[in-house]
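Fold and geometry: a report
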Amino acid sequence: MAGLFATLRRPTNISSSNFQSSSVFASRLLYLLTVISVSLAVFAFVLQWRGGLPDPTTRWIPGHDPNEAGSKPVRLSSSSSGCADILGQSRTASFPYFRDWKFNFGSDLRPKISITTSTSAGLEQILPWMFYHKVIGVTNFFLFVEGKAASPNVSKVLKSIPGVRVIYRTKELEDLQAKRLLFDILMIYNVLCPSRIWNETWLAGFFYQPCNHELFVKQTLNMEMAIVMAREAGVDWIIHLDTDELMHPAGTSEYSLRRLLADIPEDVDMVIFPNYESSVERDDVKEPFSEVSMFKKNYDHLTKEIYFGNYKEATRGNPNYFLTYGNGKSAARVQDHLRPNGAHRWHNYMKSPKEIKLEEAAVLHYTYPKFSDLTSRRDRCGCKPTKEDVKRCFMLEFDRAAFIIASTLTEEEMLHWYREHVVWTDKTLIQKLIKKGILTRIYTPMAIVQGLKESGVFVSVIASARRDIIKDESLSSAGNRNASRYPHITDTFPRKMGWIFEPQSTARKFVEFSTTDRQAIPPESPPGMDGIDLTDTKYLLNMNSSS
């Protein structure tokens, strides 16, 4: 009986032993997990204290692949001023993609891209335009300034920005261009003499005419000078843009004009960017780059069926599908014998350049985005508001109509006309044309400009330039105070050491150039209804179905 009891009690002892073993194991496991958790927490704290953990203010520099060996993130400092944060004007820029507001990249970005423009705008338009293009990879700017842009307070701010070259459009420069005396200036760089333009026939049709024709010639002459400066700066690509236009590098793996042009085959000389036209939805727009998101697509980015099938509704009673031009802008590879071909294209004295047209990338043209654009354009031209006289001044029909309206109507009547012909208020029509692909929403430029503004970039550059102006004024002598506010034209083109003026020997270099009768390409409207083949049943059916 005692053996039986012993046998019956044995499982109980085994179970108790197993329970005690499990308890010990659980205790040890819990202890181990606690030690690991505490160790990890301490390790993370140490790393963070030493600056070893990434944080949201760390971003990669554009132009550097984070996966490349040697690439390092850059930490952006942040302001500790509570007032500055509340006002959105911190002393240190916090735009997340750059080292600082100066965008100092040096020569590490390839290809190097330059933009040239002729402008009379103020800082409120030029700074957002310029820094937006710096964001997408532009390194050099050649600004031919006059009017407000040439005033000391504006031009000194522009000159303080790295990569910016300001050329004052003085009477002296105009005389040099008109008298074909830029030869000696460009000889400094051993490049083409711009006086050749005056001896060619391709621009002759625009000479000695008022307003838009005069501007067209002026832009072309400035573009030729910009080619010289681009070569001297080691630039790979050059683009001519107005300050109401933004490049839109769509279709790339990153929103980068540099990346887009880097992928262009080496044998391509010119890249055509079709333009999209802004379609404003309010009559009180103040800052188009940060307020406008709707654009009308270019004919080149639409099928003929969609374009002509919705032409009437998209035009809304205006003279053409676009209010102004529709033949886009272009980027040219900087090379020997490059020349402008009007404000929209480039050409070459020695060959017909190979060009391609991109299927997604575009130029965003902010056309009459503000009501005040009606009167500002009117004030720049001294033509009579008659149908006959405006033809001498303006190349495009809508510009002619807008000039007459701004010159003959009251402000209230002008506003009514502006709302009817420029502002898009019909939501049903907007949704229909967006669905058809005529209209599109593009938010990236708006987001970039808003981000730059909120980061304090524009405030910083103005404040920095203002400090430099005060410093310069305090150091200037009485003689310097009496000097002209504009530099001498030769100051814009510093002479190289050892340069000798040899006009005859240089002229012989140009004998080999082939002449060209290819006319300069002016701003052109998109195709009109006269471009439809009325015998094409497919177009007729599409038009009938969309009406």
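The residue numbering used here restarts from 1 in each chain and proceeds along that chain's sequence as written. It should be noted that, the model being predicted, local features are given only for residues of pLDDT at least 70 and side-chain atom pairs only at 80 or more, the latter also being counted only at that level, while totals for whole chains, interfaces and linings use all residues. By convention in this description, side-chain values take in all heavy atoms of the structure and omit both hydrogens and water.

- If you look the protein up in an unreviewed UniProt entry, it shows as Glycosyltransferase family 92 protein from Solanum commersonii.

1. A few points about the state of the cysteines
- By disulfide we mean two sulfur atoms from cysteines, separated by a distance within 2.5 Å. Counted under the stated rule, the structure contains one disulfide.
- The side chain of C383 participates in a disulfide bridge whose partner is C393; the two sulfur atoms lie 1.3 Å from each other. Taking the sign of the S-S torsion, about -75° here, the bridge from C383 to C393 comes out left-handed. One end of the pair, C383, is in the loop between α13 (372-379) and α14 (387-393); the other, C393, is in helix α14, with ten residues separating them in the sequence. A helix here means a DSSP run of H or I that spans at least four residues, while a strand means a run of E at least two residues long, and both kinds are numbered starting from the N terminus.

2. Structural notes on the pattern of salt bridges
- For salt bridges, the criterion is a side-chain nitrogen of Lys or Arg within 4 Å of an Asp or Glu carboxyl oxygen. This model, assessed by the stated rule, comprises 21 salt bridges.
- Between K148 and E124 there is a salt bridge, with the nearest N and O atoms lying 3.9 Å from each other. You can see K148 sitting in the loop between β4 (140-145) and α4 (152-159) and its partner E124 sitting in helix α3 (residues 123-135), a full 24 residues away along the chain.
- With a relative accessible area of 47%, K148 lands in the partly exposed category.
- With a relative accessible area of 56%, E124 lands in the exposed category.
- The salt bridge partner of K453 is E287, with a shortest N-O separation of 3.2 Å. Of this pair, K453 sits in helix α18 (residues 444-455) while E287 sits in the loop between β9 (275-278) and α10 (288-291); the two residues are 166 residues apart in sequence, bridging distant segments of the chain.
- Using a relative accessible area of 45% as the deciding quantity, one classes K453 as partly exposed.
- Only protein chains enter the accessibility calculation, which uses a 1.4 Å probe; a residue whose area is less than 20% of its type maximum is buried, one above 50% is exposed, and one in between is partly exposed. The exposure class of E287 is partly exposed, given its relative accessible area of 36%.

3. Quick word on unusual backbone geometry
- With a phi angle near 55°, R316 is a residue other than glycine that sits in the positive phi range.
- Tracing the backbone through its elements, the reader meets R316 in the loop between α12 (311-315) and β11 (329-333).
- Its identity as a non-glycine residue notwithstanding, Y368 has a phi of 45°, on the positive side.
- By relative accessible area, which is 2% here, Y368 ends up buried.

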